[in-house]
Amino acid sequence: MTNKKRILSGMRPTGPLHLGNLHGALSNWIDIQDTYDCFYFIADWHALTSDYEDPSTISDHTKNMMLDWLSAGLSPEKSTLFIQSYIKEHAELFLILSMITPVPWLERNPTYKDQIIQLDNKDLSTYGFLGYPVLQAADIIMYKANGVPVGVDQVPHVEITREIARRFNYLYGNVFPEPDAVLTQTPKILGFDRRKMSKSYNNAIYLSDTRDDISSKVSMMITDPDRARKNDPGNPEICNVFSFHQMYSTEDTSKDINDQCRKALIGCVECKKIMAENLIKFLEPIREKREYYASQPEIVDEIIAAGNEKAKAVASQTMAEVRQAIKLNY
Ligand code: TRP
Ligand code: SF4
């Protein structure tokens, strides 16, 4: 049908998407939709590796993530959007790949060790969590993806995927291309407390935030910490509000703010108000689309069903080849 290169990537449905996610992964995914044959999926089984004790939120997060995706501009006409757990073939391929994956490859995976330390409130000493990269490898090679857009933290997983694909091909014949990681630049967006914007720090501005949410979060933002009073000149270079102006206000406005701040001609409260307005305006089209989709859940269900079927067709073809290759073809 097409000779475009195939791209595949996924996100775990662990919560609403924020500005950091938008300017990182999501906007990149949106931009490449015309150039590549893109498959994007919600990795709900992967969410289960860490949320297995209470999986009740995963399906809500999955629906909301699809709303975030659609409202931000992922297009079901251009890309195949689907949900991992609908495609049972992922579980079958995961099982087969787990037979040929040496445990030391998984034990020395840097993200494995990191996460066990970071998520120390959860018991991650499970077989499934150790096998996380094997499931990810199944996700990727199932669609014979050529490129996998990911942040730098996920590169080791793509590397393990290449090794597993190579090993499969060596043992059973050439079925899978080895995918390349395509590094997504993640601009450093700080939350309103100046730490990295992150759901777990509770400092994020979400795509689904209302105007009021945004105004109140912006009003809490930490500015130039050395500027105590309005009459003190400020330094926009170290002010997070100013970084936001540079992203969401016009160049002229940013320039004015820059001048006026340095001369103490504008106070932080007013400066924040201007920025909040511009951020709200920037998010307006996303918010409108979200309202549209949220009010028509049957349309979203149809989009998911259609994406799932497209993915399923590819997956069942691949699995036919896999069963043939391992000579377990019942
Ligand atoms: N591990 C990825 C993350 O946490 C999510 C993911 C699961 C993924 N399967 C994938 C990403 C396949 C790319 C390709 O971000
Ligand atoms: Fe930051 Fe604006 Fe205050 Fe200057 S006036 S310190 S740019 S919030």
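Predicted model only: the values in this text are computed from it and were never measured.

How each quantity is defined
- Residues numbered from 1 in each chain as written.
- Chains lettered and ligands numbered in written order.
- Predicted model: local features only at pLDDT ≥ 70, side-chain atom pairs only at ≥ 80, totals over all residues.
- Heavy atoms only, no water.
- Helix = DSSP H or I, 4+ residues; strand = E, 2+ residues; numbered from the N terminus.
- Buried < 20%, exposed > 50% of the residue type's maximum accessible area, 1.4 Å probe, protein only.
- Contact = heavy atoms within 4.5 Å.
- Areas by Shrake-Rupley, 256 points an atom, 1.4 Å probe, with all protein chains shown as cover.
- Lys, Arg positive; Asp, Glu negative; His and termini not counted.
- Charge placed at Lys NZ, Arg CZ, Asp CG, Glu CD.
- Phe/Tyr/Trp six-rings, centres within 6.5 Å; stacked < 30°, edge-to-face > 60°.
- Near = heavy atom within 4 Å.
- Polar contact = N/O pair within 3.5 Å; in protein donor to acceptor, adjacent residues only side chain to side chain.
- Nonpolar A, V, L, I, M, F, W, Y, C, P; charged D, E, K, R; others polar.
- 1 Å grid on protein atoms, 1.4 Å probe; cavity = no way out; pocket = protein on both sides within 12 Å on 5 of 7 lines; lining within 4 Å.
- Sits in = over half its atoms within 2 Å of the grid points.
- Domains from an automatic or database assignment.
- Buried area = accessible area lost by both parts, 1.4 Å probe.
- Salt bridge = Lys/Arg side-chain N within 4 Å of Asp/Glu carboxyl O.

Draft legend 1. Local environment of the overall build of the protein. Counting its secondary structure elements, the protein contains 14 helices and 5 strands. Across its three principal axes, the protein shows a C-alpha extent of roughly 80 × 40 × 35 Å. Within the span of the protein, comprising 330 residues, buried residues form 48% of the whole. If you take every contact in the protein between residues at least 6 apart in sequence, the share linking residues at least 24 apart comes to 77%. Counting only carbon and sulfur atoms, one obtains 52% of the accessible surface of the protein, whose full area is about 16700 Å². Of the charged side chains in the protein, 37 are positive and 44 negative, and the gap between their average positions amounts to 3 Å.

Draft legend 2. Representation of the packing of aromatic side chains in the model. Counted according to the given criterion, the structure contains 13 aromatic pairs. Taking the centre distance of 5.3 Å and the plane angle of 20 degrees together, the rings of Phe41 and Phe82 count as stacked. Of this pair, Phe41 sits in strand E2 (residues 37-42) while Phe82 sits in strand E3 (residues 80-83); the two residues are 41 residues apart in sequence, bridging distant segments of the chain. Of the residues examined, Phe41 reaches a relative accessible area of 3% and is grouped as buried. Judged by relative accessible area, which is 0%, Phe82 ranks as buried. Centroid distance Tyr112 to Phe129: 5.7 Å. Interplanar angle 35 degrees. Geometry classified as tilted. With Tyr112 in helix H6 (residues 110-118) and Phe129 in helix H7 (residues 127-130), the pair connects residues that are 17 residues apart, well separated along the chain. Classification of Tyr112 by relative accessible area gives buried; the value is 16%. Under the relative-accessibility criterion, Phe129 is labelled buried at 7%.

Draft legend 3. Representation of the site of ligand 1 within the structure. Around ligand 1 there are 14 residues in total, and Arg12, Tyr132, Gln136, Asp139 and Gln154 lie nearest to it. One of the side-chain nitrogen or oxygen atoms of Asp139 is found 2.7 Å away from a nitrogen atom of ligand 1. Protein contact buries 90% of the 370 Å² of open area that ligand 1 shows by itself. Those elements giving two or more residues to the shell around ligand 1 turn out to be strand E1 (6-11), helix H8 (132-142) and strand E4 (147-150). Within the shell around ligand 1, the residues separate by chemical class into 7 nonpolar, 5 polar and 2 charged.

Draft legend 4. Molecular detail of the site of ligand 2. As a matter of local geometry, ligand 2 sits amid Thr223, Asp224, Arg227, Cys239, Val241, Phe242, Cys261, Cys268 and Cys271. More than half of the atoms belonging to ligand 2 lie within 2 Å of the grid points that define the largest cavity. The set of elements that each furnish at least two residues to the shell around ligand 2 consists of helix H11 (240-248) and helix H13 (268-295). Grouping the constituent residues of the shell around ligand 2 by class yields 6 nonpolar, 1 polar and 2 charged.

Draft legend 5. The domain arrangement of the protein, seen in detail. Each assigned domain of the protein is listed with its residue range as follows: domain 1 (6-189 + 297-325) and domain 2 (211-290). Inter-centroid distance (C-alpha atoms) of domain 1 to domain 2 is 36 Å. Opposite the 11 residues of domain 1 that make contact, domain 2 presents 9 residues. Contact between domain 1 and domain 2 buries roughly 780 Å² in total, counting both sides, with carbon and sulfur atoms accounting for 67%. Our count for the domain 1 to domain 2 interface comes out at 1 salt bridge. Asp68 is the salt-bridge partner of Arg290, the closest N and O atoms lying 2.7 Å from each other.

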